[in-house]
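# Architecture and fold: a report
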Amino acid sequence: MALTLLAGGCAEHRGPGDLLSAAESHEREGRHEQAVLTIEEAVRLNPESAELHRAAGRIQADAGNPSRAVSHYEKAAILAPGDAGIWVALAEIERDRGNFADAYVAYRRAAEIDPDDIWAVSGLALTADQLGFEEEASVAYERWNELSRKEPESTVP
C-alpha cells in the first residue's frame, strides 16, 4: 500500500511549495476541482503563508467559489497587510458580488498602501463614485488620470 501511495504522488510526501506548483498547473489545465483540492492541502500544511492564501483565493475565485476566495484573501491580508495586490483582489471579488461597500473599503486600503497602484486607485474612484462619495471619487479620478499619463518605464536599455 505504501508503495502505491508513493508512486501516486500522495500529498503527504509533498511540501506546500510542490502543492502550489501542482495546483497552479491544474488551474492552467482547467482542472479547477483538482486545483482547489491541491491548494487547500497546501494551505493546510502551511496555514501562516500569505502566498498560499493569496493563491488559494485566486484559485477559489477561478473555480467559482467567491466566498472561499474572500476568506483566503482576508487571511492573506492579515498575514501580509502591506500587500496592496491582496486588497485589490479582494475588492474585485466583492465588486463582482455586488458588495460595493466592501469593495470600496478594500480598494481604499490598497490605495493607501500603494498610491501608485492604478488598479487600486481606479477601483477606488469607481466605487466611491458609485457609493456617492463625490469628493473622494473626484480626488481618486484625478489621481487615476495622473497615473494613466505616466509613461511606462522603457524595457530597452
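The structure we're discussing is the one just above.
Everything numeric in this text was worked out from a predicted model, so none of it was measured. The residue count restarts for each chain, going from 1 along the sequence in the order it is written. In view of the model being predicted, local features appear only for residues whose pLDDT reaches at least 70, and side-chain atom pairs are presented and counted only at 80 or more, with totals across whole chains, interfaces and linings using the full set of residues. Each side-chain value is derived from all of the structure's non-hydrogen atoms; neither hydrogens nor water enter the calculation.

Below, the discussion takes up the packing of helix 2 (residues 16-28) against helix 4 (residues 50-62). Taken N-terminus to C-terminus, the directions of helix 2 and helix 4 make an angle of 20°; their axes are 11 Å apart at the nearest point. The orientation of helix 2 relative to helix 4 falls into the category roughly parallel. With respect to the hand of their crossing, helix 2 and helix 4 are arranged in left-handed fashion. Contacts between helix 2 and helix 4 pair P16, L20, A23, E24 and E27 from the former with E51, L52, A55, R58, I59 and D62 from the latter. For this classification, Asp, Glu, Lys and Arg are treated as charged, while Ala, Val, Leu, Ile, Met, Phe, Trp, Tyr, Cys and Pro are nonpolar and the rest, including Gly, are polar. For the contact of helix 2 with helix 4, the per-class residue count stands at six nonpolar, no polar and five charged. Helix axes are fitted only over the stretch in contact, all axes being lines through C-alpha atoms; the angle between N-to-C directions runs from 0 to 180 degrees. Strands here are runs of E lasting at least two residues and helices are runs of H or I lasting at least four, both read from the DSSP assignment and numbered beginning at the N terminus. Every angle not falling under 35 degrees, over 145, or within 65 to 115 is termed oblique; those three ranges are roughly parallel, roughly antiparallel and roughly perpendicular. By definition, any crossing whose near helix is turned counterclockwise from its far helix by less than a right angle is left-handed, and any crossing with a clockwise turn is right-handed. In what follows, residue pairs with any heavy atoms lying within 4.5 Å of each other are defined as contacts.

Within the secondary structure, D117 is located in the loop between helix 7 (100-113) and helix 8 (118-130). Here the side chain of D117 touches W119 through a polar contact of 2.9 Å, landing on its backbone nitrogen. Here a polar contact means two N or O atoms within 3.5 Å. Within protein one must be a hydrogen donor candidate and the other an acceptor candidate, and residues neighboring in sequence count only if both atoms are side-chain atoms.

Another aspect to go through is the nonpolar core. Joining through side-chain atoms within 4.5 Å is the link that ties buried Ala, Val, Leu, Ile, Met, Phe, Trp, Tyr and Cys residues into a set, and such a set is a nonpolar core. Only protein chains enter the calculation, and the probe is 1.4 Å; a residue is then buried if its accessible area is under 20% of its type maximum, exposed if over 50%, and partly exposed in between. Ranked by internal contacts, the top residues of the largest apolar core, which has 27 residues, are Y73, W87, L90, Y107, A110 and L124. When contributions to this core are tallied by element, the ones reaching two or more residues are helix 5 (66-79), helix 6 (84-96), helix 7, helix 8 and helix 9 (134-149). No other element matches helix 6, which puts eight residues into this core. When neighbours within four sequence positions are excluded, A110 is seen to be in contact with A84, W87, V88 and A120.

By salt bridge we mean one thing: a side-chain nitrogen of Lys or Arg within 4 Å of a carboxyl oxygen of Asp or Glu. Inspection of the entire model under this criterion finds 14 salt bridges. With a closest N to O distance of 3.8 Å, R108 and E112 form a salt bridge. Taken together, the residues R108 and E112, both in helix 7 and four residues apart, mark about one turn of the helix. Overall, R108 belongs to the partly exposed group, its relative accessible area being 36%.

This part is about the packing of aromatic side chains. Each Phe, Tyr or Trp ring (for Trp, its six-membered ring) is paired with any other whose centre lies within 6.5 Å, and the angle between the two planes then decides the class: stacked below 30 degrees, edge-to-face above 60, tilted in between. Within the structure shown, the criterion is met by two aromatic pairs. Taking the centre distance of 6.0 Å and the plane angle of 15° together, the rings of Y141 and W144 count as stacked. Of this pair, Y141 and W144 both sit in helix 9, three residues apart, which is roughly one turn of the helix.

Under the 1.5 Å per step criterion, the end-to-end length of helix 6 is 18 Å for 13 residues, consistent within 8% with the ideal 18 Å. Inspection of helix 6 places A84, I86, W87, V88, A89, L90, A91, I93 and E94 among the buried residues, and these make up the whole buried set. On the buried face of helix 6, the contacting elements are helix 4, helix 5, helix 7 and helix 8. A side-chain oxygen of the first residue of helix 6 lies 2.9 Å from the backbone nitrogen of G85; this N-cap is D83. Here the expected span of a helix is defined as 1.5 Å times the quantity of residues minus one.

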